[in-house]
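Structure assessment
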Amino acid sequence: MNPLDFVQNSLTLLHFTDMGFSEILDIIILCVLIYYIMKWIRKTHAWSLLRGFVILVIVALVAYLFNLVTVIWLVQNAFAMGFVALVILFQPELRKALEQLGRGVGSLSDRKGQMVAASIDEITHAMVNMSASRTGVLICIERTVALTDISNTGITVDAVLTRQLLMNIFTVNTPLHDGAVIVRDNRVLSAACILPLTAESVDYELGTRHRAALGLSEVSDALVIIVSEETGSISAASGGKLTRHLTEQKLREVLGAELLEEGKKRKTVWKSKKA
């Protein structure tokens, strides 16, 4: 039997060939709904309860398999009372989720844009202040490629991004100042992270921070902002390219082009400025 016949026979056995447009649409809507429910649950304290619920389901399956009458009775009563308890326990979260749904996708997109704009403002102010004091800085802004492996090399922070937090992290001789900060969705995910160094030859004036920034930008689409400890110069790395000696206005333009204009053609602000 050739591969095409095998696939066709398999689909026939599973009745996939009888599926119409409405059935396919039904499956897609169900999958999207489950995805967003799981995403919402992960942001609440329901995540730990969900794991407990899964364990309870496994216990129920084992009880039915071996006909454990007492355990089955306990599980049935637990399920009956559990649904009522969940509605009462998660009433605030359910109300918030329904409110967000009622506001629509457009307002969610607007809020995300506002969060990015706020992050740009906080990062710019922090970088300018630390540039003036010649404080060494390395900030990695996650985009579509997750930086989970990189963040796991540092110390978890998980706090709202503010200029005060960034300046406090990079204060010299504090526990977290040596290494990189990972930023995800307007939050500082972790600090004191270790980045991969670029294997390419770089200007002799550039130190380890710039080499690390280029290294990460080569293996991900992250935007990395650097402040030189020696000169106080602000630089940015993206796509394996480094832009140096950024002024406050230029830094805002770079952040805006990379974060607010994501998916569009990059603006001319990424033309390299020679030292």
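Read on for an overview of the structure.

Thresholds applied
Residues numbered from 1 in each chain as written. Predicted model: local features only at pLDDT ≥ 70, side-chain atom pairs only at ≥ 80, totals over all residues. Heavy atoms only, no water. Helix = DSSP H or I, 4+ residues; strand = E, 2+ residues; numbered from the N terminus. Buried < 20%, exposed > 50% of the residue type's maximum accessible area, 1.4 Å probe, protein only. Contact = heavy atoms within 4.5 Å. Areas by Shrake-Rupley, 256 points an atom, 1.4 Å probe, with all protein chains shown as cover. Pairing = 2+ DSSP bridges. Salt bridge = Lys/Arg side-chain N within 4 Å of Asp/Glu carboxyl O. Core = buried A, V, L, I, M, F, W, Y, C linked by side-chain atoms within 4.5 Å. Polar contact = N/O pair within 3.5 Å; in protein donor to acceptor, adjacent residues only side chain to side chain. Patch = residues over 30% accessible without salt bridge, like charges linked within 9 Å, V, L, I, M, F, W, Y side chains within 5 Å.

When its secondary structure is counted, the protein shows nine helices and seven strands. Across the 275 residues that make up the protein, the buried fraction comes to 32%. Put simply, 57% of the contacts in the protein that link residues at least 6 apart link residues at least 24 apart. Carbon together with sulfur atoms contributes 63% to the accessible area of the protein, which is approximately 17600 Å² in total.

Moving on to the pairing of strand β3 (residues 180–184). Within β3, four of the five residues are buried, which leaves the element mostly enclosed by the surrounding structure. Both strand β1 (residues 137–141) and β3 contribute to a ladder of three bridges, which runs parallel. By the bridge assignment, Cys140 is partnered in β3 with Ile182. The sheet contact formed by β3 and strand β4 (residues 187–193) spans four bridges and is antiparallel. Within β4, the position partnered with Ile182 by the bridge is Ser190. The loop that links β3 with its antiparallel partner β4 comprises two residues; one of these, Asp185, has a positive phi angle of about 50 degrees.

In this structure, Thr124 sits in helix α5 (residues 91–132). What Thr124 contacts, discounting residues up to four positions off in sequence, is Glu248, Leu251, Arg252 and Leu255.

Time to look at the pattern of salt bridges. This structure, assessed with the given rule, holds 10 salt bridges. Between Arg252 and Glu248 there is a salt bridge; the shortest N-O distance is 3.9 Å. A residue pair is termed a helical-turn pair when its members lie 3 or 4 positions apart in one helix, as Arg252 and Glu248 do in helix α9 (residues 248–260) at four residues. When its relative accessible area of 26% is taken as the criterion, Arg252 is described as partly exposed. A relative accessible area of 38% places Glu248 in the partly exposed class. Residues joined in a network through salt bridges with shared partners are Asp121, Glu122, Arg163, Glu248 and Arg252.

Of all five residues that make up strand β6 (residues 234–238), five are buried, and the element is covered over most of its length. Neither face of β6 is open: one carries Ile234, Ala236 and Ser238, the other Ser235 and Ala237, and all of them are buried. What sits between strand β5 (residues 223–227) and β6 in their antiparallel hairpin is a turn of six residues, with Gly232 showing a positive phi close to 80 degrees. For β6 and strand β7 (residues 241–243), the ladder comprises three bridges, and the chain directions are antiparallel. Across the sheet, residue Ala236 finds its bridge partner in β7, namely Thr243. Between the end of β6 and the start of β7, which pair antiparallel, lie two residues, with Gly239 showing a positive phi angle near 60 degrees.

Quick look at the nonpolar core now. Nonpolar side chains in soluble globular proteins tend to be buried together. In this structure, Met127, Ile141, Leu166, Ile225 and Leu255 are the most contacted members of the largest nonpolar core, which totals 28 residues. Elements represented by at least two residues in this core include exactly α5, β1, α7 (163–169), β3, β4, β5, β6 and α9. Looking at which element gives the most residues to this core, the answer is α5, with six residues. If we ignore the near neighbours within four places in the chain, the residues touching Ile141 are Ile123, Val183, Ala222, Leu223, Ile225, Leu255 and Leu259. Of all hydrophobic cores here, the second largest spans 19 residues; its members include Cys193, Ala213, Ala237 and Leu242.

Of note, Arg143 is situated in the loop between β1 and α6 (148–151). For Arg143, the side chain forms a polar contact with the main-chain oxygen of Asp221, separated by 3.4 Å. There is a polar contact of 2.5 Å between the side chain of Arg143 and the side chain of Glu258.

In this section: a nonpolar patch on the surface. A cluster of nonpolar side chains, contributed by Phe53, Val54, Ile58, Val62, Leu65, Phe66 and Leu68, occupies part of the molecular surface with about 660 Å² of accessible area. For Phe53, the location among the structural elements is in helix α3 (residues 46–65). A relative accessible area of 34% means that Phe53 is categorised as partly exposed.

All we've got here are geometric facts, nothing functional implied.
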